[in-house]
Each structure stands twice: as structure tokens, then as C-alpha cells.
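# Report on the structure
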Amino acid sequence: ALCREVGAEPFLTINAVWNTPEESANWVEYCNGSEDTKYGKIRAERGHKEPYNVRFWSLGNEMGYVHMEGYAEMAGKHADAMLKVSPDLEMWSSGPYPNDDWAKLSAAALSDKVKYVSQHNYSSPEHDFCGCSYKYTTPEEIESTYNAIVRSCFNNLELARRMRTSLDGTGKELHISFDEWNQWFSWYRPSCVGEGIFTARMLHIFMAESNALDIPICCYFQPVGEGAILITPTESRLTANGQMFSIMKEHKGGALCRIDGDEEYLALASVKEDILTVTLINPDYSTDREFSFDVKGDVQSSALYSSDDVRPYTYFTESALTVFRKGKSLKTILPAHSVAIIRVTLR
């Protein structure tokens, strides 16, 4: 019901170890079967006559502790049973990716019915799983932690590239689903502007590289509660991460215009109905950065999202952004750790 309310697609995960293939098939029937079926009838009796039509199903979650060939055999039985109930399901396999052996013996073995391969990664400074390396005691620690956070996006990019190589090596058509990504322990502590810059950069990377790396799906974990939308007993509001999602969604439905030579993924543009939307990121901790791009058109609107602080409990403040034309180019200057969006009416 929540997914339908917000316009999202439900993406459910079976427990391939504790449940039998028959139980997984019954779950699919409960979600997708008509009221004439055994489990569809139960759903209807509980107040939802029409099927939920859940298309996306993952065959377990992070199954890397299971033997790779054993996982393929086990997951295949679940997939077969589920597809008999609802043949149009789209399925995900799970494992310790990127891993060449797992790709060959597990993902490829399931590829006739399972086309998506899950990839998960949580970034952190120095990959400290205890979160202890997030230090904000001294000015030097604040800067060091910030720089590590905003550059950790490249760990995810490298993992995706390695995953692509592993999957391509199988000779099978397999898509990457980067369906869990965030900073480590970000749901145990408040968001901050540093993580907001990381999130903006990750979204730039996904938009710029998704076609080349065949990543049609990427899911942020976890958006509601702590990650992107902070919920308290009296209100809800976007965190710094959520603010960046709100900006980047303006690219939705547009034709991507990758800016050549941008190996830092600081600028991204898209065109939709003669409007060029450009998002810019200055990840530098203490220095301004100038951006310039050639375009024929007039600035329709522009906004800057900045903050004086990058530590926990910080948010971006929206303000006016000055954009000026110099010859064929539009130019602007972004202060340290800030993001901007510019819309240009093309002519």
C-alpha cells in the first residue's frame, strides 16, 4: 500500500534457506493471484481484492555464505516454483559480488530465468565497519573525514566495474542491480552535508555510467527513517541526502548529456523539452570552484545548495546562484562543499 501511495514498485526478497520453494510460490500467489486462487482468496478476504502484481523478487539476500553451486541449485528451485505461479516475474540472484567464480557457477547458472545480479556496498572512511573513523573532534579530523566520505563513491564505481567484468566473462546477458548503497552506519547517526555531497556524486556516477556498465536499477538503502527522510514523532523532513535526491530527480525523463573529461563526476546535464538541466558539485572542503560550459540559451532558473558546516546534523541551505555569460559560455562559481542546479532554455 505504501508503494502504491508513493508511486514506487515493491521489490520483495524471499528467504531461500528457511522457506521451501512451495512456500515462496504461495507468497507469489498471495501477491499476484486472482481471488479464485487459494492464497489470492486470502488476500481478497483481508481487504485487497485486486492482485498486487509484484514483479520484482530477489532470491535471498547476500547469500555469499552459501556454497555457490549449492545456491544456484537452491535458488533455481525457488525460481521455478515462483514462475509457475506468475511467469512474468523479474528475478535477482544474490552473492558475494564481484567474484568471478560466483558469477560463473551461480549467476550464469541461473541466467535462463534470473537476469539481475544484486550488488551491495556501504562506503566509509577506511572501510571501518565500526564507524569509528568518522571523527569530528579537531578541525583536521573534520576535514579528513569529510574528504574520505566524498571520495568513497569511487569505491562503488570500481566495484561496479569489476562486477561488469565478472559477469561479461560468463558470456551470459546479466544486468547489475546496485540495490544497496550508502555510507556505513548512516542509519545509526544523523545525516550531514558531507554525506549529502557523497550522495549527489553517487547519483551523478549512476546516471553517467549506468548504460556502459549495464546497471538499470539502483536502490538507496535506506531512504525512509534515517537515510533520506528523517522521521520524528512530530514531523518528517529531508536530510542532506534527501535534499540531493530532490535535486537530481530533475534529470528524470531527460536525455543525458555527459560532459567530456569530467572524470570526477562533478557536472551532469540532461535535456527535456528544450530545457537543459545542469547539476554541479564542488566536493572541495575549503576552496571555491569555477564551472564553465558552452550552451546557446538563456538561464531560466538557478539555485545553490550550500552549508557552512559538514558535520552531523547539518543540512543544505538553498540560495540564489549567480550565473553569468562570457562569450559562448555560461560560468558560475560554487563555494566549498556545495551543489547547484541550473536550468537553461535552449535556442
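For the structure, check the block above.
Summarised in this report is the structure supplied together with it. (Residues numbered from 1 in each chain as written. Predicted model: local features only at pLDDT ≥ 70, side-chain atom pairs only at ≥ 80, totals over all residues. Heavy atoms only, no water.)

## So, the packing of helix α4 (residues 68-85) against helix α5 (residues 100-107)
The test is simple: A fitted line through C-alpha atoms serves as each axis, taken over the contacting stretch for helices, and the angle formed by two N-to-C directions is quoted from 0 to 180°. Secondary structure elements follow DSSP: runs of H or I no shorter than four residues count as helices, runs of E no shorter than two count as strands, and numbering proceeds from the N terminus. Roughly parallel covers angles under 35 degrees, roughly antiparallel covers those over 145, roughly perpendicular covers 65 to 115, and oblique covers all other angles. When the near helix sits turned anticlockwise from the far one by under a right angle, the crossing is termed left-handed; a clockwise turn instead gives a right-handed crossing. Here, residues are in contact when the closest pair of their heavy atoms is within 4.5 Å. Under the convention adopted here, Pro, Cys and the residues Ala, Val, Leu, Ile, Met, Phe, Trp and Tyr are nonpolar, Asp, Glu, Lys and Arg are charged, and Gly plus all remaining residues are polar.
The geometry of α4 relative to α5 is characterised by a closest axis approach of 8 Å and an angle of 30° between their N-to-C directions. In this view, α4 runs roughly parallel relative to α5, as classed from their interaxial angle. Here α4 runs over α5; the crossing is right-handed. From α4, M68, E69, Y71 and A72 reach across to α5, where they touch D101, W102, L105 and S106. Residues that form the contact of α4 with α5 fall into these classes: 5 nonpolar, 1 polar and 2 charged.

## Brief notes about the sheet that holds strand β13 (residues 289-294)
Threshold: A pair of strands counts as paired when DSSP detects no fewer than two bridges linking them.
Within the open sheet, the 3 strands sit side by side as β13-β17-β16. Their pairing is antiparallel. Looking at strand neighbours, the two that pair on one side only are β13 and β16 (323-326), the edges of this open sheet. Recorded for the sheet is a direction-independent mean angle of 30° between the axes of neighbouring strands. By the bridge criterion, 6 bridges tie β13 to strand β17 (residues 329-334) in an arrangement that is antiparallel. Note on β17: the bridge partner recorded for E290 is I333.

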